[in-house]
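Given next are the chains, with one letter for each unit.
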Amino acid sequence: MRVLRLHVNGDCAEVAAPEHWTLLEVLRYKLGLTGSKQGCDKGDCGACTVLIDGVPTLACLSLAATVEGKQITTIEGLVPAHRAAGGEGVDPVQNAFDKTGALQCGFCQPGMILSAKALLAKNPNPSLKEIQESLAGNLCRCTGYTQIYEAVVLAAKGDLA
Amino acid sequence: MAARDQHGSEAPWDQGFRVIGKENRKVDGMAKATGEAIYTDDIQLPGMLHAKMLRSPHAHARILSIDTSKAEALPGVIGVLVGAELPVRYGVIPWTPDETALAVDKVRFIGDEVAAVAALDEDTANAAIRLIEVEYEILESILDAEKALITPEPPIHEDRKRRDNISKHVELEFGDVEAQVSSADIVVEEDYSFHSTTHAAMEPHCAVAVANSDGRLTLWSSTQITHYVHRALARVLQLDPARIRVIQPCLGGGFGGKSDPFSLEFVVAQLAIKTGRPVKMLWTREEVFYAHRGRHPMKMHYRTTAKADGTITGVDAKLLIDGGAYSSFGLVTTYYSGQLLTGPYDFPNYRFDSTRVFTNRPPNGPKRGHGSVQPRFAFEVQLDEIAQRLNIDPIEIRRRNFLGAHTETVNGQRITSNGFLECLQEVEAASDWKARHGKLPHGRGIGVAGSMYISGTNYPVYPNKMPQAGVQLKIDRSGLVTVFTGGNDIGQGSNSMVAYLVAEELGIQPSHIKVIAADTDLCPVDLGAYSSRVTFMVGNAAIDAARKLRHKLVEAVAVAWDVAQKDVRFMDGTVVDLSAAARSMTHVEAFHLAEEMFDTLGSTGAYNTPTLGGDYRGGTIGSAPAYSFTAHVAEVEVDTETGRITVHKVWAAHDCGRALNPMIVRGQIEGSTYMGAAEVVLESHDLNRFGLHAGPSLLDYRIPTAVDTPELAARIIESIDPEGPFGAKEAGEGPLHSTIPAIANAVFDAVGIRLRHLPFTPAKVLAALRAKEEQA
Amino acid sequence: MLRLPKFEVKNPATVEEAVAMMMEIHGEARFLAGGTDLNPNMKHGLFTPERIVALGGIEEMFGVGFDESGNARIGAMVTLAQVEQHPDLRRAFPALCQAAKLVSSPQLRNMGTLGGNVMLDTRCQWYNQTYFWRNALGYCLKKDGSKCHVIEGGSKCVAAASNDTAPALMTLNAELEFATTSGRVRMPLADLWQADGIWNKKIPHTDLLVALHVPKPAAGSRGAYGKLRDRGSIDFPLFGIAVRLDFAADGSISDAALCAVALQARPWPLKKAAELLIGTHPGQASFNDAVEKVAMLAAKQCRPMPNIPGDHEYRHLMVPVYTRRTLHAAAAGEGPVHHI
């Protein structure tokens, strides 16, 4: 057991956790940030994707004891960051996913949305191929991905009436 | 009774649809996009224990003894459970209760549940599991359906009336198929097979139970069938069902994989009772693969007779269905494998002989398109071959055999609306079929297939005459309408659907509707999310409830304004007086008037199917109040050097009746098509030579990523159904069926090989290409 | 959720500290780089170390640099995504960057390191499974058991090297810099391997790979990587082949190297086959003829076994196909060869 200082969604959280716990377990079961999902146990599905220093990373394969000092963004962090930046409502990428119907069961979507966020931060106007390649580590079983692409394109356009 | 009222398919306020048919947002979309939505494993309760399962390492064995003493002695272990403590059998189909919460005397596949431990944390529970000592007597295992058919000993289930390994046998004949053989211009007879595939919903199964000190038990479970779980819990735990509450939290996908009562639900409940503490069990992905209930592997033999003009004269089918270790929905599967093939084409004569056997494999059950995806694959490939041999265009042969609307199938199923011809026309035009079929360069091809599927079933699993779906509405003085429905939203959007229907019927905005679903304490019964029944049945019940309320609201306003009721119109939350244009009020004011007039306001609605089905044993199984229809064209490329099939694009036209929300319907068509395509070229739920799942993980069971998914062009065809809610039918399962044979037929167009045995691995493609070269 | 075994985590700041932390306990310790291989393996109970020495804080192990002669030094902790996207590496070592791009999924490339990919544990369908699963069939030669399920009766583990970047680095004559208790050791990558699926390296796991040194390529050198797998993402190779072609001033091939992976315990250099290419001219019949011969020879030398998932006979059929296609891609300055 070790007291970890984790920078999650802009906050510094001090959390006592056994050293063999993954970041996903600490986020979900110690910090109550259950938006990051667990689908496959071991890095095959992408549902636990979080951003570490802006980079899509699998929380289920990251030890919490190795990410101190890094900026961790989970799905719960997007709305507060959006509001802090003067925005209203939800983050535009989240909004776009809702608007295009990309959210069926929703289980893969926190990870998917964070992968999309990272893509758009790097490449504000991605091609379909770039979208597909960037999301190729996030499995979705409901949508056939089509409405997810539409969401990313919509978020890129910023046309979210 | 009100439940059988027909609500009509037109807009309720004579002003066109205001909500229905629009691309409204889903009621839970934002909660899912932000991570606020609570799924079962997101529930954490004070003092909660974590439970783990001990599973059988043997495919077939008798349990001689279980010693849990070492596990119990491990510090941190709070409760241990073995099968003898919960010996009552259950099964989702009440006629075939052959499962127990934990194995009592035998294990029947590798992964079968044997014992469970609840501990302070997961690590302790895992350690304790390894300390349980089980003595097994290993029995001969049967891993192959053909072997099961001819091997009565040892019976996998021993105390049934029949002492063999046949789970269910159905043989039905309509007309006289043999008589057609001599008079036919063409007879095509071939073997086909469909392999094992699974649902792989992204959320693993999870259940949490609390047993309160007042004797009430609450179970949260990732289930598609809250009501059946409720019944099964009462039966197995031998508790008064009135003291059990089952809640389905937000569900991370089902596809039929959460449609049975599962071991973990009984186990956490019993452990919660035993320990007096909340208990959670979350299955690993590996455990989900063992729980399975996936698509039944089938070996199928079809013989179709036809005239020279392509008219089908008879279809004769013999099917061998691998049921795996338990019955699950198998009785229904066996019927569905034959009963659901009799459209969209007219079969004048039809016979099927379906046998489901038990094997020592993870149990099979209902996967999206339950029981009918496999025969559809076989038949549509056979029909393509008939067209080819008769030199008839494959779309044309499907047109010529069209069954028609408002008719009856050879096996007595009532067909109402039928948009199949429009589906065919749509994909024919969209794919530029006439210019491209048979004319693309070698290696590239397009293929077509059609299908139909049930919109609900009038077979209610356990016999009763009560409604299949109920909905209750509650009016609040704030203007909020709360809808209580037993319907299970599994991601398909049924809660949103209910909100749209109630908003439309009441003339208010969907934002003023709140849906409370799938909580047995709060919501009227619905039978669950299976057989594509929710839109049709819960939808009709919602309209029924809303219409009753609407009459009261209109009456109250009419009295207050002293106008005729026909002059009161609710529109987007505003009530207008059609006789005096200037007068209006908000719907909130109308609610107040109605509450003054009628007291506290609410309503209930229900739906039950009309009497349906042929007058013979099993005639009601597969008879639906409406059927959806589908046609797909798939475009593939075959790399003749590697054998790899790339599915480039699928045009998927689906007749869903009225599209209540086209955005959601498209999502269902796209998701179904994607899933079907994956079954052809990627996915296989394989066992190795030990009977152990070859790769129970999402690494080795390869569901498509974004770069593996074909371009999906969903087309909605709206044949307004007279009995569907505002004319709607299902969209969640039907569109999977056509995908698979369309791809098979496209491969034939591309390289001239008929693939009849799924999956189409590159190795099989290469072998077929070589065989063709050798023939030439 | 599958759980990790109980261990302590050490976060050293220097290579020397890391090596010392590895050695100072009696029980097993493991280095953790990106965690994309070790963590799933630990969740499967394949490793149960008491201590994890996490390498993320060691500055020396990061960064890509070139010396004045043009030789590259790539820190072992440089991620596969960084390798894939590095403009100078892409120019100099196309096969390596193509191979890095085809490793697993975007997230795993963001996490997984080049050093980690080189040091990847061998893989087998009978081994990369949970404790329950392995227990159900009585374990295997590689872990906890005495039987091989790949070759019944076999006494030597044939788990497969499955690291995409290893064959590319082999064709590039890369060298590895290890930190050991007795100081730094540099060795050619080609000398690292041994034909033992249980541990396919000649150094102990307590030696720390610090950096990779890749010599400057010959002027006009080209390369490509070909990867057979089922999906366009996530999957390990079912067969992989890397190619390097150097050219003389007249456009003929002056040197060539081929190396395959996902066969047996070690990456498999195809030296004799590569020699057939020397002196031939891409674009001319001599090259095409040589490519056909190389493909046939590769098929003779590369014998996929039923160790990793997938039909091994089919994988064998694909050896000449992917060899041929990758050679043509390399000659054309293209690649990777991959079905998507």
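(A) Here's a closer look at the overall build of chain C. The secondary structure content of chain C amounts to twelve helices and twelve strands. A compact globule built from 340 residues should have a C-alpha radius of gyration of about 20 Å, and chain C, at 20 Å, falls within 12% of that. In terms of overall dimensions, chain C has C-alpha extents of about 60 × 50 × 35 Å along its principal axes. In chain C, which comprises 340 residues, the proportion classed as buried is 62%.

(B) Representation of the pattern of salt bridges within the structure. Scanning the model with the defined rule gives 99 salt bridges over all chains in all. One salt bridge in this structure joins lysine 729 of chain B and aspartate 655 of chain B, with 2.8 Å as the shortest N-O distance. Pair noted here: lysine 729 of chain B is in the loop between β28 (711-717) and α18 (734-737) and aspartate 655 of chain B is in strand β27 (residues 645-655), with a separation of 74 residues, a long-range link. Beyond isolated ion pairs, a larger network of salt bridges with shared partners links Glu25 of chain A, Lys52, Glu122 and Asp123 of chain B together with Arg3 of chain C.

(C) Structural detail: the sheet that holds strand β2 (residues 61-67) of chain B. Residues and elements named next belong to chain B. Ordered in space as β4-β2-β6, the three strands form an open sheet in which the pairing is antiparallel. Across the chains shown, the open sheet's two edge strands, defined by having one partner strand only, are β4 (106-107) and β6 (133-138). Examined bridge by bridge, β2 and β6 share six bridges and lie antiparallel to one another. Within β6, the residue paired with isoleucine 63 across the bridge is tyrosine 136.

(D) Quick look at the domain arrangement of chain B. Residues and elements named next belong to chain B. The assigned domain composition of chain B is domain 1 (2-37 + 466-607), domain 2 (40-139 + 204-251 + 258-291) and domain 3 (370-459 + 620-775). With centres defined by C-alpha atoms, the gap from domain 2 to domain 3 works out at 38 Å. Buried area between domain 2 and domain 3, summed over both chains or domains, comes out near 740 Å², and the portion from carbon and sulfur atoms is 70%. Taken together, domain 2 and domain 3 are joined by zero salt bridges. At the boundary of domain 2 and domain 3, one finds two residue pairs in polar contact (both at pLDDT 80 or more). For the side of domain 2 that touches domain 3, the residue count by class is five nonpolar, no polar and two charged.

(E) Looking closely at the nonpolar core. The biggest cluster of nonpolar side chains holds 182 residues, and the ones touching the most others in it are Phe97 of chain A together with Leu233 and Phe377 of chain B. Ranked by residues supplied to this core, first place goes to helix α10 (residues 373-390) of chain B with nine residues. Look past the residues within four positions of phenylalanine 377 of chain B in its chain and what remains in contact with it is Tyr192, Ser193, Phe194, Met300, Ile740, Pro741, Ala744, Leu755, Arg756, His757, Leu758 and Phe760 of chain B. Counting residues in each nonpolar core, the second largest holds 61 residues, with Ala64 of chain A, Tyr290 of chain B together with Cys124 and Leu141 of chain C among its members.

(F) Broad picture of the environment of alanine 101 of chain B. Residues and elements named next belong to chain B. Within the element layout of this structure, alanine 101 appears in the loop between β3 (77-82) and β4. The exposure class of alanine 101 is buried, given its relative accessible area of 0%. Remark: the alpha-carbon pair of alanine 101 and glycine 622, spanning 521 residues in sequence, is separated by 29 Å. Residue contacts for alanine 101: discarding those within four places in its chain leaves Leu86, Tyr90, Glu113, Ser263, Phe266 and Val267.

(G) Spotlight on the interface of chain C and chain A. Contacts between chain C and chain A engage 32 residues on the former and 33 residues on the latter. Summed over both sides, the interface between chain C and chain A buries roughly 2,400 Å², with carbon and sulfur atoms accounting for 60% of that surface. Of all residues in chain C, Met1, Arg3 and Gln107 of chain C give up the largest surface area on contact with chain A, accounting jointly for 27% of the area buried on that side. Counting every contact that joins chain C to chain A gives two salt bridges. Taking the shortest distance from any N to any O, the salt bridge between glutamate 133 of chain A and lysine 101 of chain C comes out at 4.0 Å. For the pair chain C and chain A, the number of links is 14 residue pairs in polar contact (both at pLDDT 80 or more). Those elements that provide at least two residues to the side of chain C that touches chain A are β1 (8-10), α2 (38-43), β3 (51-54) and α6 (106-111) of chain C. Residue contributions to the side of chain C that touches chain A peak at five residues, all from α6 of chain C. A per-class count over the side of chain C that touches chain A returns 14 nonpolar, eleven polar and seven charged.

(H) Looking closely at the domain arrangement of chain C. Residues and elements named next belong to chain C. By the assigned domains, chain C splits into domain 1 (1-58), domain 2 (59-120 + 160-214) and domain 3 (222-331). Relative placement of domain 1 and domain 2: their C-alpha centres are 19 Å apart. If you look at the interface, domain 1 gives 19 residues, while domain 2 gives 20 residues. Taken together, the two surfaces of domain 1 and domain 2 that pack against each other cover about 1,500 Å², and 71% of this comes from carbon and sulfur. Broken down residue by residue, the surface that domain 1 buries against domain 2 is led by Val15, Thr36 and Ile58, which jointly contribute 31%. There are one salt bridge connecting domain 1 and domain 2. A salt bridge links glutamate 16 to arginine 184; the nearest nitrogen and oxygen atoms lie 3.0 Å apart. Counting the contacts that link domain 1 with domain 2 gives five residue pairs in polar contact (both at pLDDT 80 or more). Put simply, the parts of the chain that give the side of domain 1 that touches domain 2 at least two residues each are α1 (15-23) and β2 (29-32).

(I) Structural view of the packing of aromatic side chains. One pass over the full model with this rule turns up 27 aromatic pairs over all chains. Between phenylalanine 17 of chain B and phenylalanine 726 of chain B, the ring centres sit 5.3 Å apart and the planes meet at 70°, which makes this aromatic pair edge-to-face. With phenylalanine 17 of chain B in the segment before α1 (29-34) and phenylalanine 726 of chain B in the loop between β28 and α18, this residue pair connects regions lying 709 residues apart in the sequence. Residue class for phenylalanine 17 of chain B comes out buried when judged on its relative accessible area of 16%. Given the relative accessible area of 0%, phenylalanine 726 of chain B is considered buried. Judged by centre distance (6.0 Å) and plane angle (55°), the ring pair of tyrosine 131 of chain C and tyrosine 139 of chain C falls under tilted. The ring of phenylalanine 236 of chain C is capped by arginine 123 of chain C, whose NZ or CZ atom sits 3.7 Å from the centre of that ring.

Thresholds applied
- Per chain, residue numbering runs from 1 following the sequence as it is written.
- For naming, the first written chain is A and the first written ligand is 1, with later ones following in the order written.
- In keeping with the predicted nature of the model, local features appear solely for residues at pLDDT of at least 70, side-chain atom pairs appear and are counted solely at 80 or more, and the whole-chain, interface and lining totals rest on all residues.
- The side-chain figures draw on all heavy atoms in the structure; neither hydrogens nor water molecules are used.
- The secondary structure listing takes helices from DSSP runs of H or I that are at least 4 residues long and strands from runs of E that are at least 2 residues long, numbered from the N terminus.
- We take the radius of gyration over the C-alpha atoms and set the globule estimate at 2.2 Å times the residue count to the 0.38 power.
- Buried residues are those whose accessible area, probed at 1.4 Å on protein chains only, stays under 20% of the maximum for their type, while exposed residues exceed 50% and partly exposed ones sit between those limits.
- We define a salt bridge as a side-chain nitrogen of Lys or Arg found within 4 Å of a carboxyl oxygen belonging to Asp or Glu.
- Here, a strand pair is defined by DSSP locating no fewer than two bridges between the strands.
- Residue ranges assigned to the domains are those given by an automatic or database domain assignment.
- In this description, buried area is defined as the sum, over both parts, of the accessible area (probe of 1.4 Å) that is lost when the two are combined.
- For the purposes of these results, a polar contact is taken to be a pair of N or O atoms within 3.5 Å, where, inside protein, one atom must be able to donate a hydrogen and its partner to accept one; residues adjacent in sequence count only when each atom of the pair is a side-chain atom.
- The nonpolar class holds Ala, Val, Leu, Ile, Met, Phe, Trp, Tyr, Cys and Pro. Asp, Glu, Lys and Arg form the charged class, and all remaining residues, Gly among them, are polar.
- We define a nonpolar core as any set of buried Ala, Val, Leu, Ile, Met, Phe, Trp, Tyr and Cys residues linked to one another through side-chain atoms lying within 4.5 Å.
- By definition, residues are in contact when any of their heavy atoms lie within 4.5 Å.
- To pair, rings of Phe, Tyr and Trp, with the six-membered ring standing in for Trp, must have centres within 6.5 Å; the planes then decide the type, stacked if under 30 degrees apart, edge-to-face if over 60, and tilted in the middle.
- Geometrically, a charge over a ring is one whose NZ (Lys) or CZ (Arg) sits within 6 Å of the ring centre while staying within 35 degrees of the ring normal.

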